[in-house]
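Next come the chains, spelled out residue by residue.
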Amino acid sequence: MCGIVGYIGPRNVKDVVVGGLAKLEYRGYDSSGIAAIDDGRIELAKSVGRLSNLEARLEEHPIGGHVAIGHTRWATHGKPSDENAHPHQDCSGRFALVHNGIVENYLSLREELIASGHEFRSETDTEVVVHLIEELYNGDLFQTMIAVGKRIRGAYALVVISKDHPDQIVAVRKASPMIIGLGDGENFVASDIPAVLQYTRDIYVMEDGEMAVLTRDSVECFTLDGEPVAKEVYKVTWDAVSAERGGYPHFMLKEIHEQPKAIRDTLRGRVNPDLGSVTLDELGIDAETVKAMDRIHIVACGTSWHAGLVGKVAIEQLARIPVNVEIASEYRYSNPIATPNTLVIAITQSGETADTLAAMREMKARGLRVLAITNVVGSSAAREADNVIVTWAGPEIAVASTKAYTTQLAALYLLAVHFAQVRGEIGEQAAHDMINALDNLPQVAEAVLDTAPQIHAFAQKYAESKDTFFIGRGIDYAVSLEGALKLKEISYIHAEAYAAGELKHGTLALITEGVPVVAIAMQPDLYEKTVSNIVEVKARGAFVLGLTWVGNEDLAKTVDEVIYLPKTHPTLAPLAAVIPLQLLAYYAAVARGNDVDKPRNLAKSVTVE
Ligand code: F6R
């Protein structure tokens, strides 16, 4: 977690660094700080809480100079506080350091450094690194960082400046993301591209195990042993404005409304209704491999894991390949049973989620093929996987994932149909119907957005509820889980999702007068059974909001309120059903006065295990 920005050049360093950090606040916002070399000294400002607190501090005590580093923190080791905020400094004040990641052997290093006289000011793992730099410093910052790299274990992106070297920044990347922005007479380093996009579109994506030395006029890259590395410039083509709020009060609402476009972009060129086929040329898995595949393990976290649960149903129903869906942080340590013909699919919006990457690496080390479904082209997941399907959702800024989820579903549906066609598991007519339905998904999403006023009114009424339940059967249950997660993470209302038939085995005890229940009834095959379960909660006094397809007037006889959604193929229905659930979470959070885009305790990209 955490976001890093470094700058060397003629501009106002505070504007570049603080402006860059603002674009990275999705990576954490427990505290922020900046250090600059000004008049031969390192000037430091840091503050607990939002970036605005740091800005206020900088108004009172401005910082100048031409080289600076900054940090926005998501606390791991040590509570959010001024002391624990980065940058950190050594005892002599010669160095300043920012860090994203975890130094795993920090306790033993800390003891060693205290024994040799270093005084610590914070509770962080990071501070050991800056004292280690001081301890090992031999007059050459670059060489010192090579030596430091040999002493620390864990995941890190480190950026360091020294008043002895006011004309350079040294950056080191091991497992935590880092990019370099190439300018003219200036250079940048950051955790992610949006931080530098205002100034440059020429990027070096730092690979795992690389370091760099930046001056105003040069960027040189090396391995962690100091061997030079030749880098290719990656030209960013996406628009900086697309990462802004675009008139919506929150990124989340903007991103919910971007879903028709995001789905269209993800399907573009990949579905051919005329030919009745799916084109996934970029996948790079040949037909023989697809035919030989005997099982699939999907690994992911959070919302991406929920997408995997929908993907399982789609792949099993269409392609008849058995699928396990695993939580990445559990999978890695579960000694999973896989055959040589097992495909591992890692789903990750950011492509930087540490748990998912760890699971991928584990399975790659066992010789298995790993396919990544990710939204970030240059991400670690995309670079490390054998095969990649990119979701074209565009940058997702709100912490609560919305358009990433629906585009992940679109990608999984494409994959399911592709596998089914290659394996001969789907007839011509069924394939045709499915491909037409897929092609129509952007219009479905568009029409679902029209339910927003109705959801808004419901959310206003129930925003003060203590608990909410989401129920559904089959693939509707998979989408209920995502509805409950969304509500919890941004409205802070306790929510649980249940397979509708399971309630009577315990949870029904929690259904009392007026408790809101959201019932998803989008599967014609399971419809009557689902209604029976809705009747059970109604009998205990629940207030039920039902979701069903347009034309199904029957549900209104049982529930208190109905949201009608466009009819689509039942397997694709989660993509329609999830949008009202996203809107429900959004409006409830707004009604409760919560910070929708930056919910408490959460960060967008979870780069620690
Ligand atoms: C919830 C949410 C998280 C992420 C999870 C995985 O709204 O966004 O649950 O889905 O942290 O992130 P990625 O997909 O980037 O691996």
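Quick caveat: nothing in here was measured; it's all calculated off a predicted structure.

> Give a description of the site of the ligand that names residues and reports values.
Neighbouring the ligand are 13 residues, the closest being S304, T348, Q349, T353 and E489. S304 places a side-chain nitrogen or oxygen 2.6 Å from an oxygen atom of the ligand. Contact distances for the ligand include 2.7 Å between an oxygen atom and a side-chain N or O atom of S350. Considered on its own, the ligand offers 410 Å² of accessible surface; in the complex 90% of this is hidden by protein. Elements that contribute at least two residues to the shell around the ligand include exactly α9 (302-319) and α17 (475-491).

> Let's hear about unusual backbone geometry: which residues, and what values?
Across the junction of H86 and P87, the peptide omega takes the value -5°, indicating a cis bond. Tracing the sequence through the fold places P87 in the loop between β4 (67-73) and β5 (88-89). Despite not being glycine, A175 has its phi angle at roughly 75°, a positive value. Take A175: it is sitting in the loop between β8 (165-174) and β9 (179-182). Of note, N335 is a non-glycine position whose phi angle comes to about 45°, a positive value.

> Can you break down the domain arrangement of the protein chain residue by residue, with the values?
In terms of domain boundaries, the protein chain breaks down into domain 1 (3-244), domain 2 (248-439) and domain 3 (446-609). Just the C-alpha atoms count here: the centres of domain 1 and domain 2 sit 34 Å apart. Counting residues at the interface gives 13 residues for domain 1 and eleven residues for domain 2. Both faces considered, domain 1 and domain 2 share a buried interface measuring about 1000 Å² in area, 53% of it formed by carbon and sulfur atoms. Applying the counting rule to domain 1 against domain 2 returns one salt bridge. With its nearest N and O atoms 2.3 Å apart, the salt bridge here joins E207 to R383. Counting across the interface, domain 1 meets domain 2 through two residue pairs in polar contact (both at pLDDT 80 or more). In terms of residue class, the side of domain 1 that touches domain 2 is made up of eight nonpolar, one polar and four charged.

> Quick one: what's the story with helix α1 (residues 13-24), residue by residue and with numbers?
Under the 1.5 Å per step criterion, the end-to-end length of α1 is 16 Å for twelve residues, consistent within 8% with the ideal 16 Å. Of the residues making up α1, those classed as buried are V13, V16, V17, V18, G20, L21 and L24. For α1, the N-terminal capping position is held by N12, with its side-chain oxygen 2.9 Å away from the main-chain nitrogen of K14.

> Help me get a handle on the side chain of N533, residues and values and all.
Mapped onto the elements of the fold, N533 is located in helix α18 (residues 527-539). Residue N533 is classed as buried on the basis of its relative accessible area of 2%. Within the local environment of N533, its side chain forms a polar contact with the side chain of R473, the two groups lying 2.9 Å apart. Ignoring anything within four residues of it in the chain, the contact list for N533 reads R473, A500, G501 and K504.

> Can you explain the sheet that holds strand β18 (residues 295-300)? Please cite residues and give values.
Sheet architecture is open: five strands sit in the order β19-β18-β20-β21-β22, paired in parallel fashion. A single partner strand is all that each edge strand has here, and the edge strands are β19 (323-327) and β22 (387-390). Neighbour-to-neighbour, the strand axes of this sheet turn through a mean angle of 20°, independent of strand direction. Across four bridges, the pairing between strand β21 (residues 369-374) and β22 is parallel. Its bridge partner lying in β22, I373 is registered against I389. Along the sheet face, helix α11 (residues 354-365) touches β18, β20 (342-348) and β21 and points at about 160° away from the line of β20. Of the strands in this sheet, β18, β20, β21 and β22 are in contact with helix α13 (residues 403-422), which crosses β20 at around 160°.

> For the nonpolar core, give the residues involved together with the corresponding values.
Within the largest apolar cluster, 99 residues are counted, with the highest numbers of intra-cluster contacts made by I296, I345, Y413, F419, L438, F470 and L547. In terms of residues, this core owes the most to one element, helix α19 (residues 573-591), which gives 14 residues. The two domains that each donate at least three residues to this core are domain 2 (248-439) and domain 3 (446-609). Ignoring anything within four residues of it in the chain, the contact list for F470 reads S480, G483, A484, L487, A495, E496, A497, Y498, V518, L581 and L584.

> Quick rundown of the environment of L44? Include the residues and the values.
Within the secondary structure layout, L44 lies in strand β3 (residues 41-48). Here L44 falls in the partly exposed class, since its relative accessible area comes to 33%. Contacts of L44, omitting those with residues within four sequence positions, involve I34, A35, I63, P87 and Q89.

> Can you break down the sheet that holds strand β12 (residues 210-214) residue by residue, with the values?
With respect to topology, seven strands assemble into an open sheet ordered β5-β6-β7-β8-β12-β13-β14, the strand pairing being antiparallel. The open sheet is flanked by β5 and β14 (228-229), the only strands paired with a single partner. Alignment of strand β6 (residues 95-103) against strand β7 (residues 154-162), held across nine bridges, turns out to be antiparallel. Paired with A96 across the strands is I161, a residue of β7. Contacting β5, β6 and β7, helix α4 (residues 126-136) crosses the sheet at an angle of about 135° to β6. Relative to the sheet, helix α5 (residues 141-151) contacts β6, β7, β8, β12 and β13 (219-223), its axis offset from that of β8 by approximately 25°.

Conventions used here
- Residues numbered from 1 in each chain as written.
- Predicted model: local features only at pLDDT ≥ 70, side-chain atom pairs only at ≥ 80, totals over all residues.
- Heavy atoms only, no water.
- Near = heavy atom within 4 Å.
- Polar contact = N/O pair within 3.5 Å; in protein donor to acceptor, adjacent residues only side chain to side chain.
- Areas by Shrake-Rupley, 256 points an atom, 1.4 Å probe, with all protein chains shown as cover.
- Helix = DSSP H or I, 4+ residues; strand = E, 2+ residues; numbered from the N terminus.
- Domains from an automatic or database assignment.
- Contact = heavy atoms within 4.5 Å.
- Buried area = accessible area lost by both parts, 1.4 Å probe.
- Salt bridge = Lys/Arg side-chain N within 4 Å of Asp/Glu carboxyl O.
- Nonpolar A, V, L, I, M, F, W, Y, C, P; charged D, E, K, R; others polar.
- Expected span 1.5 Å × (residues − 1).
- Buried < 20%, exposed > 50% of the residue type's maximum accessible area, 1.4 Å probe, protein only.
- Pairing = 2+ DSSP bridges.
- Axes fitted to C-alpha atoms, helices over the stretch in contact; angles between N-to-C directions.
- Core = buried A, V, L, I, M, F, W, Y, C linked by side-chain atoms within 4.5 Å.

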